[in-house]
Amino acid sequence: MHQLTLAEIARSLAAKEFSAEELTRTLLARIHQLDPQLNSFISITDEPAIEQARAADARRAAGEQGALLGAPIAHKDLFCTEGVLTSCGSKILDGFKAPYDATVVARLKDAGAVSLGKLNMDEFAMGSSNESSHYGAVKNPWALDRVPGGSSGGSAAAVAARLVPAATGTDTGGSIRQPAAFTNLTGIKPTYGRVSRWGMIAYASSLDQGGPLARTAEDCALMLGAIAGFDPKDSTSVDQPVDDYLAGLNQPLTGLRIGLPKEYFGAGLDSRIADAVLAVVEELKKLGASVKEISLPNMQHAIPAYYVIAPAEASSNLSRFDGVRFGYRCENPQNLEDLYKRSRAEGFGAEVKRRIMVGTYALSAGYYDAYYLKAQKIRRLIKNDFVSAFNDVDVILGPTTPNPAWKLGEKNNDPVAQYLEDIYTITANLAGLPGLSMPAGFVDGLPVGVQLLAPYFQESRLLNVAHQYQQATDWHKQAPAGF
Ligand SMILES: NC(=O)C[C@H](N)C(=O)O
């Protein structure tokens, strides 16, 4: 049963080949057996999961038919889940049980999906390796001595290891797409505003966006269809109809215009990944696409701009963790200031502190114009580059990451080396565009991802291209040995 995709599970549940409860029990047993090797779950919610599965079985017996009714999923531990630990991978939220469900969580619950638990992540989603979690690093099921990517590393490892068919993630600078690439999954970061951020613990509010990680584009379509849409509780959510993502999957690719940015193929890119990208282009050409070189001239400024804007927003967002309202509080505070200082000093990890300090500095009087304002101007230039590129092409294609998954510990002493790995993903966040990563082969036995970007609200196009590619190839069907 653990081999099945969400779409296959939907068909099996409808055909009564097994019940949601049987499926849930099978996967929970598998998680308990195999996850100690990976550390992908922070909480395994056995009892509520079985209750939700029974409820789904009852709804189906009463005639309901939704595609996600009884489908097992799990959530990144920054989505608030009522009555369940929501830690954001941080000691400062250890013990915090959310009093309500995030909109994403509530929508999946309403659709009848069964949550098996909460998934490990980089602390406050800050990282690209899932090593900054208070709950320990997550291992990549493709090579247990390597990182699964981050910050949605637990989501990626759990889905890749077939512990759960799909999971939620969030993407501020690549946190869905990069771990998807490192673990042979498909992951989509929707357009900013497409998925409600209500109940998602904020990192950088102008960049954060939730989305699915799954094994196929079809499963991403299923899950995105359930979570996308306007939410009056999120003022940045956009009131625009949600496309029928499943219906869009089968469009032929004849006439599709692909743009290949020349800046993507410069120094820093592993040449074997470049070859994998070009092989995808050849395959898409066979399916009717044409290719054109394009330019994104301001891309070189993206990392410095992101690593000013994201920390600036984080320094503001994380000021709410003060030892008073949520989670961790230091022992024996001497006075209020001591309570704030020590709760934060003891509760936050090194990377989070680094970003709070960088962000506070960038926003401070005297430096605001030099750093924050300049970064915002670069952000606009990057957006303009995309807008003009999309005058000539329908999608932009390139590598998701410059290198495959690195060894655990390898980049821990050099944060900038880790930041540089986000080069291909962060521009979509700065511009607010949708982006998808899909499996495209292997380098030394490690998965390689290819990224597709499309104009605003064209998630359907991304899923369509990825689905057609997956009909013609079988990279996405490869499973890691031992799982
Ligand atoms: N949150 C993300 O999207 C990951 C990115 N590497 C960051 O650390 O900000």
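Residues numbered from 1 in each chain as written. Predicted model: local features only at pLDDT ≥ 70, side-chain atom pairs only at ≥ 80, totals over all residues.

Peer 1: Give a description of the overall build of the protein chain that names residues and reports values.
Peer 2: Looking only at helices and strands, one finds 16 helices and 11 strands in the protein chain. Dimensions of the protein chain, computed from C-alpha atoms along their principal axes, come out at roughly 65 × 55 × 45 Å. The burial tally for the protein chain puts 56% of its 483 residues in the buried class. Summarising the internal contacts of the protein chain: among those between residues at least 6 apart in sequence, 76% fall at separations of at least 24. (Helix = DSSP H or I, 4+ residues; strand = E, 2+ residues; numbered from the N terminus. Buried ≥ 20, exposed ≤ 12 C-beta atoms within 10 Å, placed from the backbone. Contact = placed C-beta atoms within 7 Å.)

Peer 1: Outline the site of the ligand, listing residues and values.
Peer 2: Lining the immediate environment of the ligand, one finds Ala125, Met126, Gly127, Ser128, Ser151, Asp171, Thr172, Gly173, Gly174, Ser175, Ala310 and Asp422. Among the residues forming the shell around the ligand, the class breakdown is three nonpolar, seven polar and two charged. (Near = placed C-beta within 6 Å. Nonpolar A, V, L, I, M, F, W, Y, C, P; charged D, E, K, R; others polar.)

Peer 1: Give a description of the pairing of strand E2 (residues 72-76) that names residues and reports values.
Peer 2: The side chains of a regular strand alternate between both faces of the sheet. With five of five residues buried, E2 is to be regarded as a mostly interior element. Examined bridge by bridge, E2 and strand E3 (residues 114-119) share four bridges and lie parallel to one another. Residue pairing in the sheet places lysine 76 in a bridge with leucine 119 of E3. Tracing the backbone out of E2, into helix H4 (residues 103-110) and back to the parallel element E3 gives a crossover that is right-handed. (Pairing = 2+ DSSP bridges. Right-handed = clockwise from strand over helix to strand, strands pointing away.)

Peer 1: Account for helix H12 (residues 350-363), naming residues and giving values.
Peer 2: Given a rise of 1.5 Å per residue, 14 residues ought to cover 20 Å, and the 20 Å separating the end C-alpha atoms of H12 matches this to within 8%. Burial in H12 covers these residues: Val352, Arg355, Ile356, Gly359 and Ala362. Across the axial projection of H12, the buried residues extend over an arc of 135°, all falling on one side. In H12, the exposed positions angled more than 90 degrees off the buried face are occupied by Ala350 and Met357. (Expected span 1.5 Å × (residues − 1). Arc of directions from axis to C-beta.)

Peer 1: Now, about the environment of aspartate 145: what can you tell me, with residues and values included?
Peer 2: With respect to the helices and strands, the residue aspartate 145 is situated in the loop between E3 and helix H5 (153-160). Taking the C-alpha atoms as reference points, aspartate 145 and glycine 210, 65 residues apart in sequence, are found 28 Å from one another. If we skip the residues at most four places from it in the chain, aspartate 145 touches Lys407 and Leu408.

Don't take any of this as a statement about function, it's just geometry.
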